[in-house]
Amino acid sequence: GIPDTAPQAFSMRVWPRPQIHSLQPAVLPARKRGAVITVRGRNFGSLRSRGYSAEIYGNISVQVTGGVRGRADAWTPCVTTTYVGDEELLCEVPEGEGQRNVKVEVLDRTNRTGVRAGALVSADMWFVGVAEDEQCASIGMPWPHRQEGITACGSRGFLGFSPVDAGQQGLAETMLNISSSVRSVSVMGGRVYVGGGFASVNGQRVNSIFGWDGKDVLPLQLGLDGSVAAMSAYVDPLGREKLVVAGSFTRAYTTAGAVVTGGVAVWDGAS
C-alpha cells in the first residue's frame, strides 16, 4: 500500500450559489406589465460553472413571487430573462402585488439558487405618519434610537404601502425603525424617498431624509439640518428625474460641506 507519509494530490471543484446584491428598479406599480428590472450580483453565469465568461448563457432562470405573505413559495418565471454577464441579468417582471421575493437559479453542472427576500415592492399607494412603538408595548423597552438618546417609550415613524400581497387588501408596514415622525413620501427612479422630522433609520444617521429600495436604507449624502414637510418627483426639460424637497431646513449636508438651501432643495439621484 501507499505509506501514510507519501504526498497525495486531489482536486476539488466548487460551484458557488448565485448572490443577488441589488435590483433596479426595486419599486414598481402593482400589476404593472412589461416592467424590466436589472438584477445585479455575482456567480450568475458560465465563469463559475465552466471556467470562462460567455457572451451568451442560457442555463439560468430568474423567478419572482406574487407576494411574500400568502404565496411566498409560488414562484413565477420572468416573462423574459436576458443574460448580460456573470454579474448582471435583466428580468421582465410578471404581474404581482405587495412585497415580493426574487430568485436566481443556475441550471448548470449542479443546480443552485440565490434568493433576495422581499426586495421587490409592487404597490399602488404609500402611507406615512407616526405609529406606536410596539416594542414598548410588548416588552417595555423602546427601539434603540441611540443617536437621539431616547430611553423612554413613545412613538416612531411609519412607512407603509398597499396592496399587502397578491389578492389581499389592507396596509403593509415596511418595519423600518424610523426614529420620529414621517411627513412625506415620493417614488422616483424605482426607489421610495421619505422625509420628516427623524434623525435615524435602523440605527443609521440620515438627518430627515432617506431613500429605500425595498431592502436597504439609502442616505441622501449627509441629510438636512431641519425637518422635511413635503417632497415631489418631477422630470426636468432634459428628461431627468429629480426630487424637490421643502421644509424647515436651511442647509443640506454633503461630503464636500454644507449647501445653503433656504428651505428648498433638489436631489437628482446623486447629489
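My aim in this report is to walk through the structure given alongside it, one point at a time. Note on numbering: residues in each chain are counted from 1, in written sequence order. Selection of residues for local features in this predicted model requires a pLDDT of at least 70, selection of side-chain atom pairs for listing and counting requires 80 or more, and totals for whole chains, interfaces and linings are taken over all residues. Derived side-chain values reflect all non-hydrogen atoms in the structure, with water molecules and hydrogen atoms excluded from consideration.

What to know about the state of the cysteines
Here is the rule we go by: The disulfide criterion is simple: two cysteine sulfur atoms within 2.5 Å. Runs of H or I in DSSP of at least four residues are treated as helices and runs of E of at least two as strands, each being numbered from the N terminus. Each residue is placed in one exposure class: buried if its accessible area under a 1.4 Å probe, protein chains only, is under 20% of its type's maximum, exposed if it is over 50%, and partly exposed if it falls in between.
The final tally for this structure, using the stated rule, is one disulfide. The disulfide that involves C78 links it to C91, with 1.9 Å between the sulfurs. Taking the torsion about the S-S bond as the criterion, the C78 to C91 disulfide, at about -90 degrees, is left-handed. Remark: C91 occurs in strand β7 (residues 88-92) and C78 occurs in the loop between β5 (75-77) and β6 (81-85); sequence separation between them is 13 residues. There is no split in this pair, since C78 and C91 are both buried.

Side note on the pattern of salt bridges
In plain terms, the rule: Salt bridge criterion: a side-chain nitrogen from Lys or Arg within 4 Å of a carboxyl oxygen from Asp or Glu.
For the coordinates displayed, the defined rule picks out five salt bridges. When the shortest N-O distance is used, the salt bridge between R33 and E95 registers 2.6 Å. With R33 in the loop between β2 (27-28) and β3 (36-42) and E95 in the loop between β7 and β8 (98-106), this residue pair connects regions lying 62 residues apart in the sequence. A residue is classified by how much of its surface remains accessible, and E95, at 42% relative accessible area, is partly exposed. For K242, the salt bridge is made with D236, and the minimal N-O distance between the two is 3.6 Å. Residue class for D236 comes out buried when judged on its relative accessible area of 9%. Put simply, D236, R240 and K242 are held in one network by salt bridges that share partners.

Thoughts on unusual backbone geometry
Look at the link from Q24 to P25: it is a cis peptide, with omega at -5 degrees. Counting through the fold element by element, P25 comes out in the loop between β1 (19-24) and β2. For the bond running from S162 to P163, omega is 5 degrees, close enough to zero to count as cis. Notably, N43 is not glycine yet its phi reads approximately 65 degrees, a positive angle. Mapped onto the secondary structure, N43 falls in the loop between β3 and α1 (46-50). The exposure class of N43 is buried, given its relative accessible area of 8%. Phi is positive for S208, which is not a glycine, with a value near 80 degrees. S208 sits in the buried class, given a relative accessible area of 6%.

Some details on the environment of Q204
With respect to the helices and strands, Q204 occurs in strand β16 (residues 204-205). Each C-alpha atom of the pair Q204 and P219 lies 8.6 Å from the other, and the pair is 15 residues apart in sequence.

Remarks on the sheet that holds strand β23 (residues 264-267)
The condition is simple: Strand pairing is assigned whenever DSSP identifies at least 2 bridges connecting the two strands. To define axes, lines are fitted to C-alpha atoms, for helices over the stretch in contact only, and angles between the resulting N-to-C directions are given on a 0 to 180 degree scale.
Taken together, the three strands give an open sheet; going across it, the order is β19-β20-β23, and neighbouring strands pair in antiparallel fashion. At either end of the open sheet lies a strand with only one pairing partner, and these are β19 (228-235) and β23. For this sheet, the mean angle separating the axes of adjacent strands, direction not counted, is 20 degrees. With four bridges joining them, strand β20 (residues 241-247) and β23 adopt antiparallel strand pairing. Looking at β23, one finds that V245 is bridged to A265.

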